[in-house]
Amino acid sequence: MKKKLLVAVVASTLGLTACGGGSNNDSTQQISGIVADGYLLDATVCLDMNLNKSCDAGEPSAKSTAGGKYLLEGMSITDAALYPVIAEIVQGVTTDADGNAITGDYILSTPPGETNVNPITTMIQTTMEGNPGLSIADA
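Residues numbered from 1 in each chain as written. Predicted model: local features only at pLDDT ≥ 70, side-chain atom pairs only at ≥ 80, totals over all residues. Heavy atoms only, no water.

**Concerning unusual backbone geometry**
Located in the positive-phi region is Asp 42, a residue other than glycine, with phi close to 70 degrees. Relative to the helices and strands, Asp 42 resides in the loop between β3 (40–41) and β4 (44–47). Despite not being glycine, Lys 53 has its phi angle at roughly 60 degrees, a positive value. Position of Lys 53 relative to the elements: it lies in the loop between β4 and β5 (61–63). (Helix = DSSP H or I, 4+ residues; strand = E, 2+ residues; numbered from the N terminus.)

**Quick look at the environment of Val 93**
Along the chain, Val 93 turns up in the loop between β7 (85–89) and β8 (95–96). Judged by relative accessible area, which is 39%, Val 93 ranks as partly exposed. When the C-alpha atoms of Val 93 and Asp 105 are compared, they prove to be 9.6 Å apart, with twelve residues separating the residues in sequence. Every residue in contact with Val 93, bar those within four places of it in the chain, is listed here: Leu 41, Asp 42 and Lys 63. (Buried < 20%, exposed > 50% of the residue type's maximum accessible area, 1.4 Å probe, protein only. Contact = heavy atoms within 4.5 Å.)

Geometric values such as these leave the question of function open.
Here you go:
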């Protein structure tokens, strides 16, 4: 029971959000979330469907807007649950709403199925990648 409660708390904390039509795994899905290391504006956000930690042509992508908000469209429910969301932060392009200077390019990511992208979700995703089969709660 404690593990189920912990998973529920972690999922709600990380902002598990997926909006779409019906329960058919082939339905078109939307993913909305926030990119934050301070809210980040003009970060490129995508569903990393080839797991190369880069937003490539053919992967659903968008730019983050005010408040770090983004909306990805055009993937299946299955893909939304299987692949991580990544955000590409680029010096000279992306800005931090906290006023902190972005002094180099970097990537933030989430575990598959999560939507809010930040340094903590990146640490969880990195831990899971290094330990296949590890759950979000255990990471």
